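# Chain and residue survey
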Amino acid sequence: MEYIRITHIENPLFRSMHDLMKEVFPPEEVLEYSLWKEPLEDPGIRVFVAVYEGKVVGATEYRYYEDFQVAMTDFTIIGQAGLGIGRFLAKKRWSDLESLALASGKPMQGMFAEIYDPYRIEGHAFGGVKPMDPYVRREVLSHMGYKRLDFDYVHPSWENNGEAVEELDLCFLPTTEEQVELNADVVAQFLKQYYSFLPNKPKSWHEMVGALEGKTTLALFPL
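In this report, the structure presented in the accompanying data block is examined. Quick caveat, the model's predicted, so the values are computed rather than measured. As a convention, each chain's residues are numbered from 1 in the sequence order in which they are written. Local features in a predicted model are, by the rule used here, given only for residues with pLDDT of at least 70; side-chain atom pairs are given and counted only at 80 or more, and totals for whole chains, interfaces and linings are based on all residues. Derived side-chain values reflect all non-hydrogen atoms in the structure, with water molecules and hydrogen atoms excluded from consideration.

We now examine helix α3 (residues 85–104). Where helices and strands are cited, they refer to DSSP runs of H or I of at least four residues and of E of at least two residues respectively, numbered from the N terminus. The length a helix should cover is 1.5 Å for every residue beyond the first. Taking 1.5 Å of rise per residue, 20 residues should cover 28 Å, and α3 covers 29 Å from first to last C-alpha, within 8% of that figure. Among all positions of α3, only Ile85, Phe88, Leu89, Ala90, Arg93, Asp96, Leu97, Ala101 and Ser104 are buried. In this structure, the buried side of α3 is in contact with β1 (2–5), β2 (45–52), β3 (55–65), β4 (70–78), β5 (110–116) and α4 (134–144). Phi for glycine 105, located one or two positions after α3, is positive at around 85 degrees. A simple rule labels every residue: compare its accessible area, found with a 1.4 Å probe on the protein chains alone, to the largest value its type can have, and call it buried under 20%, exposed over 50%, or partly exposed in between. Only heavy atoms enter the contact rule, under which two residues are in contact if any of them lie within 4.5 Å.

Okay, here's the thing in structure tokens:
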């Protein structure tokens, strides 16, 4: 299996990846095809596909924020069961992030991820791929060490229509397993930078960020 970075929208592997995204994610979670041009060319956004026998069978997008010493996993797609795609992507991604942190001269604190609450996203089949089932994914990410941040999370729709998506929790994988809280201002500033690309954010998102800025720390709870 190959781990291949995509940096241009014209790459034929990107069309395959985008088709896979549309199969497994709800529409509000998929950025429209043409809007990917700038993100793919952004050196700070890392989009990789897992290619097996010439076919895109998985993908992941992530980024590293040197100022905050944190990473963010935008998404992970497992397109087929029985190939070990999830572990392959996780190991390759973590190795790449460690290299980025080393080059920055500062240690990585951990990695954010938006994780579906399976009890609030029932009814979406996620392409019928069982490893993408939100119950399965949540348990796998719990095993990896992800913890849920203690606040009601609102995610602005990637359709950029100002709608709020509320079926997700913002979680964090600390590099120190014993860590039980995270600086709330880091979370607020990270979210403002992360979603600066979307101009149409719901009122509830702005209220959420304002509330975070009024806190000191956020507890990390088990998934």
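Remark: nonpolar core denotes a set of buried residues (Ala, Val, Leu, Ile, Met, Phe, Trp, Tyr, Cys) joined through side-chain atoms within 4.5 Å. In this structure, Met17, Trp36, Phe112, Leu149, Phe151, Val187 and Leu191 are the most contacted members of the largest nonpolar core, which totals 53 residues. In contact with leucine 191, not counting residues within four places along its chain, are Tyr153, Leu170, Trp205, Met208 and Leu212. Tyr3, Val57, Tyr64 and Ala101 belong to the second largest nonpolar core, which has 21 residues in total.

Running from amino to carboxyl end, helix α5 (residues 184–194) crosses helix α6 (residues 203–213) at an angle of 150 degrees, the nearest separation of the two axes being 8 Å. Considering the angle they form, α5 stands roughly antiparallel to α6. Pair α5 / α6 crosses with left-handed handedness. On α6, the residues touching Ala184, Val187, Ala188, Gln189, Leu191 and Lys192 of α5 are Trp205, Met208, Val209, Leu212 and Glu213. Gly falls in the polar group here, along with every residue not listed as nonpolar (Ala, Val, Leu, Ile, Met, Phe, Trp, Tyr, Cys, Pro) or charged (Asp, Glu, Lys, Arg). Partitioning the contact of α5 with α6 into residue classes produces 8 nonpolar, 1 polar and 2 charged. A fitted line through C-alpha atoms serves as each axis, taken over the contacting stretch for helices, and the angle formed by two N-to-C directions is quoted from 0 to 180°. To sort the angles, those under 35 degrees are grouped as roughly parallel, those over 145 as roughly antiparallel, those from 65 to 115 as roughly perpendicular, and the leftovers as oblique. Rotating anticlockwise by less than a right angle from the far helix to the near helix defines a left-handed crossing, while the corresponding clockwise rotation defines a right-handed one.

A separate point is the packing of aromatic side chains. Classification of ring pairs rests on two measures: the distance between centres of Phe, Tyr or Trp rings, Trp counted by its six-membered ring, which must be within 6.5 Å, and the angle between planes, read as stacked under 30 degrees, edge-to-face over 60 and tilted in between. Inspection of the entire model under this criterion finds 15 aromatic pairs. Ring geometry for phenylalanine 25 and phenylalanine 75: centres 6.2 Å apart, planes at 70 degrees, overall edge-to-face. In this pair, phenylalanine 25 is assigned in the loop between α1 (12–24) and α2 (37–41) and phenylalanine 75 in strand β4, connecting sequence segments 50 residues apart. Phenylalanine 75 gets classed as buried once you look at its relative accessible area, which sits at 9%. Ring geometry for phenylalanine 151 and tyrosine 153: centres 5.9 Å apart, planes at 85 degrees, overall edge-to-face. Like tyrosine 153, phenylalanine 151 is buried.

Attention now goes to the side chain of glutamine 69. Relative to the assigned elements, glutamine 69 resides in the loop between β3 and β4. If we skip the residues at most four places from it in the chain, glutamine 69 touches Tyr64, Lys106, Pro107, Met108, Gln109 and Gly110.

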